[in-house]
There are 2 protein chains.
Amino acid sequence: MTNLKTEILARAAADLEAIEQALRSNLSTYLDLVEKVAGHILFSGGKRFRPLLMVLSARLCGYNGNYDKTFSVIFEYLHAATLLHDDLVDEAAMRRGKPVANSIYGNAAAVLVGDFLLARSLSIAAATDKIEVIKSIGAITEDMSQGEIHQLISKGNIHLAEKEYLEVIRRKTAALIQGACHTGALIAEAPPPKASALAAFGLNLGMAFQMADDLLDYLADTKILGKEVGADLREGKMTLPLIHALQAAPADDRQKMENIICNKDATAQDFINLIPMLERYGGIDYTNQMAARYVTEAKNQLAVFQESETKKLLLMLADFALMRND
Amino acid sequence: MTNLKTEILARAAADLEAIEQALRSNLSTYLDLVEKVAGHILFSGGKRFRPLLMVLSARLCGYNGNYDKTFSVIFEYLHAATLLHDDLVDEAAMRRGKPVANSIYGNAAAVLVGDFLLARSLSIAAATDKIEVIKSIGAITEDMSQGEIHQLISKGNIHLAEKEYLEVIRRKTAALIQGACHTGALIAEAPPPKASALAAFGLNLGMAFQMADDLLDYLADTKILGKEVGADLREGKMTLPLIHALQAAPADDRQKMENIICNKDATAQDFINLIPMLERYGGIDYTNQMAARYVTEAKNQLAVFQESETKKLLLMLADFALMRND
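Note that the coordinates shown come from a computational prediction; the quantities given were computed from them, not determined experimentally.

**A word on the overall build of chain A**
And step 1. Secondary structure summary: chain A contains 17 helices and two strands in total.
And step 2. Computed over C-alpha atoms, the radius of gyration of chain A comes to 20 Å, within 12% of the 20 Å expected from 2.2 N^0.38 for 326 residues, which places it in the range of a compact globule.
And step 3. Across its three principal axes, chain A shows a C-alpha extent of roughly 60 × 45 × 35 Å.
And step 4. Across the 326 residues that make up chain A, the buried fraction comes to 52%.
And step 5. Counting contacts in chain A only where the partners sit at least 6 residues apart, residues at least 24 apart contribute 76% of the total.

**Digging into the packing of helix α9 (residues 162-187) of chain A against helix α10 (residues 192-219) of chain A**
Residues and elements named next belong to chain A.
And step 1. Where α9 meets α10, the axes come as close as 7 Å, and the angle between the chain directions of the two elements is 150 degrees. For the element pair α9 / α10, the angle class is roughly antiparallel. In the packing of α9 onto α10, the handedness of the crossing is right-handed.
And step 2. Grouping the constituent residues of the contact of α9 with α10 by class yields 16 nonpolar, seven polar and two charged.

**As for α9 of chain A**
Residue pairs spaced three or four apart in an α-helix point in one direction, given the helix's 3.6 residues per turn.
Residue and element names in this part refer to chain A.
And step 1. For α9, built from 26 residues, the straight-helix expectation of 38 Å at 1.5 Å per residue is met to within 8% by its first-to-last C-alpha distance of 35 Å.
And step 2. Taking the largest bend as the criterion, α9 deviates by roughly 50 degrees, centred on Ala 174.
And step 3. For α9, a buried count of 20 out of 26 residues is recorded, marking the element as mostly surrounded by other parts of the structure.

**Re the environment of Phe 305 of chain A**
All names here are of chain A.
And step 1. Along the polypeptide, Phe 305 turns up in the loop between α16 (283-301) and α17 (309-321).
And step 2. C-alpha of Phe 305 to C-alpha of Lys 194: the two residues are 111 residues apart in sequence and 7.8 Å apart in space.
And step 3. Residues in contact with Phe 305, not counting those within four places in the same chain, are Leu 60 and Lys 311.

**Observations concerning the relation of the copies chain B and chain A**
And step 1. Rotating chain B by 180 degrees about the axis while translating it 0.0 Å along that axis superimposes it on chain A, leaving an RMSD of 0.0 Å. Here the transformation between the copies is reduced to the relation of a two-fold axis.
And step 2. Most of the interface of chain B is mirrored in chain A, where 100% of its interface residues are also at the interface.

**Let's talk about the interface of chain B and chain A**
And step 1. Across the contact, 36 residues belong to chain B and 36 residues belong to chain A.
And step 2. Counting residues per element, the ones that place at least two in the side of chain B that touches chain A are α3 (32-42), α5 (68-89), α6 (101-126) and α7 (131-154) of chain B.
And step 3. Residues of the side of chain B that touches chain A, tallied by class, amount to 21 nonpolar, nine polar and six charged.

**Here we look at the nonpolar core**
Side chains that are nonpolar tend, in soluble globular proteins, to be buried together.
And step 1. Judged by nonpolar contacts, the single largest core of 214 residues is most densely connected at Val 113 and Ala 208 of chain A together with Val 113 and Ala 208 of chain B.
And step 2. Sorting elements by how many residues they give to this core places α6 of chain B first, with 15 residues.

**Examining the environment of Ala 126 of chain A**
And step 1. Residue placement: Ala 126 of chain A occurs in helix α7 (residues 107-126).
And step 2. Spatially, the C-alpha atom of Ala 126 of chain A lies 31 Å from that of Arg 96 of chain A, the residues being 30 residues apart in sequence.
And step 3. Those residues within four positions of Ala 126 of chain A in sequence are excluded, and the remaining contacts are Ile 134 of chain A together with Ile 131, Ile 134, Lys 135 and Gly 138 of chain B.

**Here's the deal with the environment of Ile 153 of chain B**
And step 1. Locating Ile 153 of chain B in the fold gives a position in helix α7.
And step 2. Sequence separation between Ile 153 of chain B and Lys 237 of chain B is 84 residues; the distance between their C-alpha atoms is 9.7 Å.

**Describing helix α4 (residues 49-60) of chain A**
Residue and element names in this part refer to chain A.
And step 1. With twelve residues, α4 extends 16 Å from end C-alpha to end C-alpha; this agrees with the ideal 16 Å at 1.5 Å per step.
And step 2. In terms of burial, α4 is a largely internal element, twelve of the twelve residues being buried.
And step 3. Within the sequence span of α4, burial applies to Phe 49, Arg 50, Pro 51, Leu 52, Leu 53, Met 54, Val 55, Leu 56, Ser 57, Ala 58, Arg 59 and Leu 60.
And step 4. In the core, the buried residues of α4 are packed alongside α2 (13-25), α5 (68-89), α9, α10 and α17.
And step 5. Within two residues after α4, Gly 62 carries a phi angle of roughly 90 degrees, on the positive side.

**Quick word on the packing of α5 of chain B against α7 of chain B**
All names here are of chain B.
And step 1. Packing of α5 against α7 leaves a shortest axis separation of 12 Å and a crossing angle of 20 degrees. Our classification of the angle between α5 and α7 gives roughly parallel. Note on packing geometry: the crossing formed by α5 with α7 is right-handed. Packed against α5, whose contacting residues are Ile 74, Leu 78, Thr 82, Asp 86 and Val 89, the element α7 presents Ile 137, Thr 141, Met 144, Glu 148 and Leu 152 at the interface.
And step 2. For the contact of α5 with α7, a count of residues per class yields six nonpolar, two polar and two charged.

**Section: unusual backbone geometry**
And step 1. Even without a glycine there, the phi angle at Glu 189 of chain A is positive, about 50 degrees.
And step 2. Mapped onto the elements, Glu 189 of chain A comes out in the loop between α9 and α10.
And step 3. With phi around 60 degrees, Arg 48 of chain B is a residue other than glycine that occupies positive phi space.
And step 4. A tally of 24 C-beta atoms within 10 Å means that Arg 48 of chain B is categorised as buried.

**Let's talk about the confidence of the model for chain A**
And step 1. The predicted model of chain A has a mean per-residue pLDDT of 93, with 96% of residues at 70 or higher.
And step 2. Across the interface, the model reports ipTM at 0.95; the global pTM reads 0.96.

Rules and cut-offs
Residues numbered from 1 in each chain as written. Chains lettered and ligands numbered in written order. Predicted model: local features only at pLDDT ≥ 70, side-chain atom pairs only at ≥ 80, totals over all residues. Helix = DSSP H or I, 4+ residues; strand = E, 2+ residues; numbered from the N terminus. Rg over C-alpha atoms; globule rule 2.2 N^0.38 Å. Buried ≥ 20, exposed ≤ 12 C-beta atoms within 10 Å, placed from the backbone. Contact = placed C-beta atoms within 7 Å. Axes fitted to C-alpha atoms, helices over the stretch in contact; angles between N-to-C directions. Parallel < 35°, antiparallel > 145°, perpendicular 65-115°, else oblique. Left-handed = near helix turned anticlockwise from the far one by under 90°. Nonpolar A, V, L, I, M, F, W, Y, C, P; charged D, E, K, R; others polar. Expected span 1.5 Å × (residues − 1). Bend = angle between axes of the 7 residues up to and from the residue. Least-squares fit on C-alpha atoms with pLDDT ≥ 70 in both. Core = buried A, V, L, I, M, F, W, Y, C linked by C-beta atoms within 7 Å. pLDDT = per-residue confidence, 0-100.

In structure tokens:
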């Protein structure tokens, strides 16, 4: 475990425990199967990054009420709903070192429990009694589904432009993290400039977070990742390391890369051969630099807030986004 | 076409046209695939029963604003989202005489576009700026997903009790129709007794509506139904005609029925042989009577309203629920 991770976990221990409790006590289902399927995805080592960001954002804006942990589960339930549906959409086999829920409980249960978690998120959002929060959750949920659909129709498109990739990850990943931070500010009834700063913090952090995730698919080993490496590529998902390298490579190497990407029978060795080309043509470095730039921009947004332990922890979480991810 | 249907369509023509327009103009997607998949399910002959109920309920409570048609699409989008996911869950082949969306566009698109329609419903609900409406939509969406899950885990349970069946259909079907009528009253800022009466009207109507649908699965022919008859039974869905007949039959015939239900290789002829037993042991009559009783109770709820053309049309719609269904 990195020192940064150890320190974050120590500083956030009490909040994380309270979030864990809230995640268990707000499911509100009368059906064992929902508990099992939702539990499979909710209690399998997620780091509660999104609810923690909401709780800390609220605190940074002076919130001292009792409902922040309850409201924070919106962002973990929405995330879990998306994972349940995505694993089915992507025909994934593993997540966090375990078989995906739909392989254990069936596609039907995964679809319907995902729907239930979406619905629970909405009900908890409605319980805030804040129209602004509710509208934001609606818009985030629309963004997420459209981002996923956009990604689906872009699969195998070797001409996917960087701009379009950025739009996809903004919707499918960054919108939710932006929403978590923004909602924290809204719950605290923060003045608009502070709420906007936290929204921008979350948006930039979310972009970096997804880029780091996309890099991991090429660089991590299966044990750390909890799923097979190269999965994105096998599914035809075009992510920034590849998009950049394809653009930067001379015609002959670009052709070689395209042959691997488009070959439905490509072997594990083919994928391994691709990685040095991603490195040679700057795909890895470029993605790392872009992610770092987004993190810097995220951190800059917090300049409007005075120094505090909460701010320090948010800045550490921003740095951590580059290092590891769920 | 029945006379009742002809008369309803004539009386509701202007509203139905405005609802149709609202369904098209509120999708708000930037993706062709979403338009196609959502359009496949939204514009394939649905009767707009739910939005029409909302619009009429609002009018019955004196609403004369401009947003009723827009808000009414919530109930058709939620319905369409459920159909997209259910057809995948049930592994259905046909709906309304067309192949199901997931068989044309794939499971991934059906799941994600369903999610998008859920999200759009929420956003449109949020646009009412009425917390009570939003909370109700959240609760309905939870009910619907839990009703579907309850139905899923009850598949093949030949001991399913009538009480449990009633709970399943209340959640999966009646809650949405109840919500449509109730929301109409809320939009009109109706006094609580009128809002409650309309909610109860919708709940009872929804129960009857689902029972009529369950009967159709045994009694209609494929051409009228737009999907194969006996589909519920083949999927192991235990509905009221069967539940009642099983309970009423003597041991030997009950055993025969159970053998057909539990036989995974049962033929079309086996299902056809089952129908006379459903009739003999009162399953068909009992379901018809129950549905009629719910319709009567629905209509009684409207006693608190003065006579009007709108009330007359709502009463006609209640009678129509027994006759045909989508």
